[in-house]
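The primary structure of each chain is shown beneath.
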There are 2 protein chains.
Amino acid sequence: MSNDPVKVLVDTVLKLQRRGAHKPLRKILDGTHPADLARLIQFLPEHQRAPIFQRVEELSTRAEILSELNPSILEDFLEALKDEDLVTLLEEMDPDDTVDVLVAVGDERKTRLLGMMRSEEVDEAEALLKYDPESAGGIMSPDAFALTEKTSSAQAIATLQAKGSELEMAFYIYVVNDHDHLVGVLSLRQVVMSSPDTPLSQIMDPDVVRVNTSDDQELVARIVARYNLLAVPVVDENNRLVGLVTVDDVIDVIREEATEDMLRMAGAGDDIELGLDADGVISSTRSRLPWLFASWMGGVAASFIIHGFEDQLSKVALLAAFIPVIIGMGGNVGTQSLTVITRGLALGQIQVDQLVKVVMREFFVGLSCGVIYGILLGVVGGILARFDIDNLQFGNPITFGLTIGASLCAAMIIAAVVGSGVPMIFQRLSIDPAVATGPFVTTAVDVLGILAYFGAATVLMGI
Amino acid sequence: MSNDPVKVLVDTVLKLQRRGAHKPLRKILDGTHPADLARLIQFLPEHQRAPIFQRVEELSTRAEILSELNPSILEDFLEALKDEDLVTLLEEMDPDDTVDVLVAVGDERKTRLLGMMRSEEVDEAEALLKYDPESAGGIMSPDAFALTEKTSSAQAIATLQAKGSELEMAFYIYVVNDHDHLVGVLSLRQVVMSSPDTPLSQIMDPDVVRVNTSDDQELVARIVARYNLLAVPVVDENNRLVGLVTVDDVIDVIREEATEDMLRMAGAGDDIELGLDADGVISSTRSRLPWLFASWMGGVAASFIIHGFEDQLSKVALLAAFIPVIIGMGGNVGTQSLTVITRGLALGQIQVDQLVKVVMREFFVGLSCGVIYGILLGVVGGILARFDIDNLQFGNPITFGLTIGASLCAAMIIAAVVGSGVPMIFQRLSIDPAVATGPFVTTAVDVLGILAYFGAATVLMGI
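Residues numbered from 1 in each chain as written. Chains lettered and ligands numbered in written order. Predicted model: local features only at pLDDT ≥ 70, side-chain atom pairs only at ≥ 80, totals over all residues. Heavy atoms only, no water.

### A closer look at the packing of helix α17 (residues 278–308) of chain B against helix α23 (residues 437–461) of chain B
Angle between the axes and distance between the axes: these two values describe a pair of packed helices. Residues and elements named next belong to chain B. Operational definition: In this analysis an axis means a line fitted to C-alpha atoms, helices contributing only their contacting stretch, and an angle means the value between N-to-C directions, from 0 to 180 degrees. Helix and strand assignments come from DSSP, with helices taken as H or I runs of at least 4 residues and strands as E runs of at least 2, each series counted from the N terminus. Throughout, the term roughly parallel applies to angles under 35 degrees, roughly antiparallel to angles over 145, roughly perpendicular to angles from 65 to 115, and oblique to all others. Whether two residues are in contact is decided by their heavy atoms, any of which lying within 4.5 Å being enough. Classes in brief: Ala, Val, Leu, Ile, Met, Phe, Trp, Tyr, Cys and Pro nonpolar; Asp, Glu, Lys and Arg charged; the others, Gly included, polar.
Between α17 and α23, the least distance of the axes is 8 Å, while the angle of their chain directions is 10°. Judged by the inter-axis angle, α17 sits roughly parallel to α23. Across the interface between the two elements, Trp291, Ala294, Ser295, Gly298, Ala301, Ala302, Ile305 and Ile306 from α17 touch Pro439, Thr443, Val447, Ile450, Leu451 and Phe454 from α23. In the contact of α17 with α23, the residues fall into 11 nonpolar, 3 polar and no charged.

### Brief notes about the sheet that holds strand β1 (residues 146–148) of chain B
Residue and element names in this part refer to chain B. Spelled out, the test is: By definition, two strands form a pair when at least two bridges between them are found by DSSP.
Within the open sheet, the 3 strands sit side by side as β1-β2-β3. Their pairing is mixed. Whereas interior strands pair on both sides, the edge strands pair on one side only; in this sheet they are β1 and β3 (182–187). Each neighbouring strand pair of the sheet contributes to a mean axis angle of 35°, computed without reference to strand direction. Judged from the 3 bridges that link them, β1 and strand β2 (residues 172–176) form a sheet pairing that is parallel. Looking across to β2, one finds that Thr148 is bridged to Val176.

### Here's the deal with the domain arrangement of chain A
Selection criterion: The start and end points of each domain follow an automatic or database-based domain assignment.
According to the domain assignment, chain A consists of domain 1 (5–132), domain 2 (146–265) and domain 3 (278–461). Placing the centre of domain 1 of chain A and that of domain 3 of chain A at their C-alpha centroids yields a distance of 48 Å.

### Looking at the interface of chain B and chain A
So the rule is basically this: As a working definition, buried area equals the accessible area (1.4 Å probe) given up by two parts on being put together, with both sides summed. Two N or O atoms form a polar contact when they lie within 3.5 Å of each other; inside protein one atom must be a possible hydrogen donor and the other a possible acceptor, and for residues adjacent in sequence the pair counts only when both atoms belong to side chains.
Counting residues at the interface gives 123 residues for chain B, matched by 122 residues for chain A. Of the roughly 11,200 Å² buried between chain B and chain A, counting both surfaces, carbon and sulfur atoms make up 66%. Looking at the side of chain B facing chain A, the largest losses of area belong to Met262, Trp296 and Arg361 of chain B, adding up to 7% of the total buried there. Our count for the contact surface shared by chain B and chain A stands at 26 residue pairs in polar contact (both at pLDDT 80 or more). Take the side of chain B that touches chain A: its biggest share by element is 18 residues, from α17 of chain B. Of the residues belonging to the side of chain B that touches chain A, the class tally is 68 nonpolar, 34 polar and 21 charged.

### A look at the environment of Leu230 of chain A
Along the chain, the position of Leu230 of chain A falls in the loop between α15 (217–226) and β5 (231–235). Expressed as a C-alpha distance, the spacing of Leu230 of chain A and Ala146 of chain A, which sit 84 residues apart in the sequence, is 16 Å. If we skip the residues at most four places from it in the chain, Leu230 of chain A touches Phe171, Tyr172, Thr246 and Val247 of chain A together with Phe171, Leu230 and Val247 of chain B.

### A word on a negative patch on the surface
Residues and elements named next belong to chain A. Selection criterion: By definition, no residue in a patch forms a salt bridge, and every one has over 30% relative accessible area; like charges are joined within 9 Å, nonpolar side chains (Val, Leu, Ile, Met, Phe, Trp, Tyr) within 5 Å. Each accessible area value is a Shrake-Rupley result obtained with a 1.4 Å probe; residue values ignore everything except the protein chains displayed when judging cover. Take a side-chain nitrogen of Lys or Arg and a carboxyl oxygen of Asp or Glu: if they are within 4 Å of each other, that pair is a salt bridge. Charge counting treats Lys and Arg as positive and Asp and Glu as negative, with His and both chain ends excluded. Charge positions are represented by NZ for Lys, CZ for Arg, CG for Asp and CD for Glu. Each residue is placed in one exposure class: buried if its accessible area under a 1.4 Å probe, protein chains only, is under 20% of its type's maximum, exposed if it is over 50%, and partly exposed if it falls in between.
On the surface, a cluster of negative charge is made up of Glu64, Asp94, Glu120, Asp123, Glu124, Glu126 and Asp143. Among the elements that take part in the negative patch, helix α10 (residues 119–129) stands out by supplying 4 residues, more than any other. Its place among the elements puts Glu126 in helix α10. By relative accessible area, which is 42% here, Glu126 ends up partly exposed.

### Concerning the relation of the copies chain B and chain A
Rules: The copies were overlaid by least squares, fitting only the C-alpha atoms of residues that reach a pLDDT of 70 or more in each copy.
Note on the copies: chain B fits chain A at an RMSD of 0.1 Å, the axial shift is 0.0 Å, and the rotation between them is 180°. Here the symmetry operator amounts to a two-fold rotation axis. When you check the interface residues of chain B against chain A, 99% turn up at the interface there too, and the contact is symmetric in its surfaces.

### Quick look at the nonpolar core
Heads up, the rule is: Joining through side-chain atoms within 4.5 Å is the link that ties buried Ala, Val, Leu, Ile, Met, Phe, Trp, Tyr and Cys residues into a set, and such a set is a nonpolar core.
Membership of the largest hydrophobic core comes to 151 residues, with the highest contact counts inside it found for Leu40 and Leu66 of chain A together with Leu40 and Leu66 of chain B. Ranked by size, the runner-up nonpolar core spans 103 residues in total, among them Val300, Ile306 and Val418 of chain A together with Phe309 of chain B.

### Some details on the pattern of salt bridges
Pairs can form between side chains of opposite charge once their charged atoms are near each other. All names here are of chain A. Inspection of the entire model under this criterion finds 25 salt bridges over all chains. For Arg118, the salt bridge is made with Glu121, and the minimal N-O distance between the two is 3.1 Å. Residue classification places Glu121 among the buried positions, given a relative accessible area of 16%. Among the charged side chains, a network of salt bridges with common partners joins Asp83, Arg109 and Arg112.

### Observations regarding the sheet that holds β5 of chain A
Residue and element names in this part refer to chain A. If you walk across this open sheet you meet the 3 strands as β4-β5-β6, and the pairing is mixed. Two strands lie at the open edges of the sheet, namely β4 (211–212) and β6 (241–246), each paired on one side alone. Relative to β6, β5 runs antiparallel, the two sharing 5 bridges. By the bridge assignment for β6, Val234 is matched with Gly243.

### Digging into the pairing of β3 of chain B
Residue and element names in this part refer to chain B. Within β3, 5 of the 6 residues are buried, which leaves the element mostly enclosed by the surrounding structure. Note: β2 against β3, 5 bridges, orientation antiparallel. Its bridge partner lying in β3, Tyr172 is registered against Ser187. The hairpin turn running from β2 into β3, its antiparallel successor, is 5 residues long, and Asp180 in that turn takes a positive phi close to 65°.

In structure tokens:
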């Protein structure tokens, strides 16, 4: 959006800061939502971020800003904060956000900060730190609101009122038995609307959708999305209720996973790196270089193959001219199939045992597109050969057109099959089909396309 | 997931249906969550979908299944249902879901169905049908729960209790003035915890984040995600409260928009087409063909350019061998930049006025990667030329290696600049940067890469 309000905010804040107009600056910062302040910080020049952040008066607002900051700038931002300030903020934040910050600062500073924090916060943080950051345990908040089966509606409401603002997000009340095992769920509305002395066990729903601490965050997101939940309880291996993942965290996971899939498919790392300085360039280069190696190897292989056909090329120089279109079209068809299949798998719209059906389907799509563009290219190739007849030492414009057309069609079919088969097989082997399939598929398609091309030339033109 | 429970369900249901074991079949269907039934239907063979669906006894469950069905199979599925059955379902569904179905059946049947529905449902549906399906008005539910400013807490609770189960999703209570203008918001918890005779105007928060009926669904999703909301109220141009978008709908929008962006970038249409029959192949072919045309045109342009350099190729045949690696690496670098920038723009992490900074940054990333792989390729090219010295009528292995290396580096820089500049410029022109930038960028990179290649050969080898 070109009319994003944060742009105006950035300009105003920088102007006031430059002028030293601290009072109006503070007034603006106080009147802005923490989520917008987090975006403001992100669009400030790097050296201005910490100073403006420190001007926000409310500790709770500063804590919230910190928890909303984009991962791509979080690390550098944390370096600009003093340990004492950071500890005060960590103690104010929700435990799951505290842990995110502790993970971002690196092991050495993490140990130092934990040593400075209040012991109760340390215990909570350490309990969460033992989970994989991308698992249900890693994204959950440990404050699930649970009551026992025998609690009455009236007691439940009294407890809720006593807890007050701690429970802003308590839409579900979980019910546990004497062993802390999760046995039921009910909504705040159900409690409010039942008669005061009904025990919760009578009004609760015993079928609770739940996830395990070790479940992948992608699975958690899929479950919340599938069943339209506002929160999902997290249990340990003994079905003991240990936490809660709320829908706002799930939204972050869904966006993060979509970003990760897109970047991985393009071979551009896992996170969006946007640092505009030298460090940003270096870290981007580092995350993109390895995937380019696959493409480089494939390209060199293609070079050696073409070099092997140099004899044919010297007889029909025009063959070289059509190499880019053959491999380029193949690459695009491969990317189309790959994207559709990878996304279909991620959304659960394709099952892994549909391999043969799915690949057959893409085969026919590749064939249809291949026949159409093959005929078009064959005609163009034939005409070009007709005008360049002197250089055509073998075959004739018709066999040349046939070669070009048939091999384009073949390359497109190969691309559709490889582009759909590879992610299906990766999924079956439990490898994320988004990981580097992009460079892998285009490289395979390049090599196979060139072999098809020179194969067709050898057979059809009799070179 | 290979252990998806829906697979087991599909097998069991098909077995029972084949055996005519209707009673156990019904029992299984009754015990399954509607969201899982929707997924079951999706993975059944097409001719079995409607018969199994009809076996689900509860009308409300069937309605819910229908609202959860994947858009990619919804159209065909609806054709298998009789008008009378569909009308009963439509009357049971939430108005926003009813409208989705009415849009999917096509204009003719929509008019027929509206003629058969109860007039109150028709009014609601027609009110929603006038909005763009991808706007806030198009995805909202018209049942926002609102009370007037003067209502007391006690009255509010009484009204809530009277409304009962209609309000499953009422986490916020919106407050309106005498003109139905939205003036405040409060949570159910705030009402429960205030003293009974407090008027809502005293406890409400007057700063309500809201969206307009005409706002794009992507903006709605971004606002709900940014402020961690469970629902956002929708107002008309006069600030009158007309509906509500809940977080579960927002999750669907976020997934849909991510899918759309991925497919568009790959030039594979807007929706995942997964039909495994002939119709599916035809509609997939139709959605992919146009984008391939850009690539085809670019490829043909490249062919003509190479044809123009035929003289140079005949002198140094080895030049042809390195065409694929130059344009392939360029294509991959372009896709990397394109993906990072397009996703950064979609997530609001890059602002459109950062054009120069962003392109400069990608220039340096392209340069870094280009220098590294350029040197590697130059060495390989030089060695290959050394062993093929007889065919090298111009230059020497060193100038050949220099040509290959320098032009790879140039192609990669060009790709990074085009891959980042094009989406930034598209965004500034208010064109979705995901639309077909993929084929567009790779095609531009092909043509420019080849020009750089033969340009370098002409200058460095003096051909």
